Amino acid sequence: MADYTVLLDGLEVTMGLGIHPEERAAPQRVTLHVAMTCRYDAPPEDRIDAVVDYDFLRTSIRKLVESRHFELQETLCDEVAALALADERVIKVIVRSMKLDIYPDARIGCEIVRAR
């Protein structure tokens, strides 16, 4: 067995997220950080089809955040984790979302860990 962590780090999206009236009035900037622990039977060959390709996750996240308004970062993180875990080779995923523009001096976010 060989485990690798595949990272999609700092994906910035503009999306509907939040419960407050000002958050509902306009989309806001959010960054997503995803770490997928991928397990292969052996070290993979040097071919993209031998590994988990992070392109699928990036594309799926963009479609997800364009499709609806999320009330909570927790829900957003859970849905991103489900996207990552759709590939059976992903045995664990860590997802973090960060709202960038709520406070002038801090970012606010949520982080979850999901595993098979």
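The structure contained in this document is the topic of the report that follows. Sequence order as written defines the numbering, with residues in each chain counted from 1. Residue-level local features of this predicted model are given only where pLDDT is at least 70; pairs of side-chain atoms are given and counted only at 80 or more, and the full residue set underlies all totals for whole chains, interfaces and linings. Only heavy atoms go into the side-chain values, all of them from the structure, while hydrogens and water stay out.

## Brief notes about the side chain of E23
Worth spelling out the cut-off: Secondary structure elements follow DSSP: runs of H or I no shorter than four residues count as helices, runs of E no shorter than two count as strands, and numbering proceeds from the N terminus. Here the term buried applies to any residue with accessible area under 20% of the maximum for its type, exposed to any over 50%, and partly exposed to those in between, with areas from a 1.4 Å probe on protein chains only. Contacts described as polar in this section are N or O atom pairs within 3.5 Å, which, within protein, must combine one atom able to donate a hydrogen with one able to accept it, while residues neighboring in sequence count only if both atoms come from side chains. In what follows, residue pairs with any heavy atoms lying within 4.5 Å of each other are defined as contacts.
Tracing the sequence through the fold places E23 in helix 1 (residues 21-25). Given a relative accessible area of 6%, E23 falls into the buried group. A distance of 2.5 Å separates a polar atom in the side chain of E23 from a polar atom in the side chain of K99. Those residues in contact with E23 that lie beyond four places of it in its chain are L17, G18, Q28, H69, K99 and I102.

## Points about the nonpolar core
The line we're drawing: To form a nonpolar core, buried Ala, Val, Leu, Ile, Met, Phe, Trp, Tyr and Cys residues must be joined to one another through side-chain atoms within 4.5 Å.
Counting residues in hydrophobic clusters, the biggest one holds 29 residues, and the most contacted among them are M15, V34, M36, I61, L76, V93 and V95. At the level of elements, strand 1 (2-15), strand 2 (28-40), helix 2 (54-67), helix 3 (73-85), strand 3 (90-99) and strand 4 (108-115) are the ones that each hand at least two residues to this core. Dropping the residues within four chain positions of it, M36 is found in contact with Y4, T5, V6, V52, L57, A84, V90, K92 and V93.

## With respect to the pattern of salt bridges
Going by this rule: By salt bridge we mean one thing: a side-chain nitrogen of Lys or Arg within 4 Å of a carboxyl oxygen of Asp or Glu.
On inspection of all chains with the given rule, the structure shows 11 salt bridges. The shortest N-O distance in the salt bridge between R24 and E71 comes to 2.4 Å. Of the two residues, R24 sits in helix 1 while E71 sits in the loop between helix 2 and helix 3, which places them 47 residues apart along the sequence. Residue classification places R24 among the partly exposed residues on the basis of a relative accessible area of 45%. Since its relative accessible area comes to 35%, E71 is described here as partly exposed. Residues R29 and D101 are paired through a salt bridge, measuring 2.8 Å at the closest nitrogen-oxygen approach. Taken together, the residues R29 in strand 2 and D101 in the loop between strand 3 and strand 4 connect sequence positions 72 residues apart. Note on D101: relative accessible area 45%, which makes it partly exposed. One salt-bridge network, held together by shared partners, links E12, R29 and D101.

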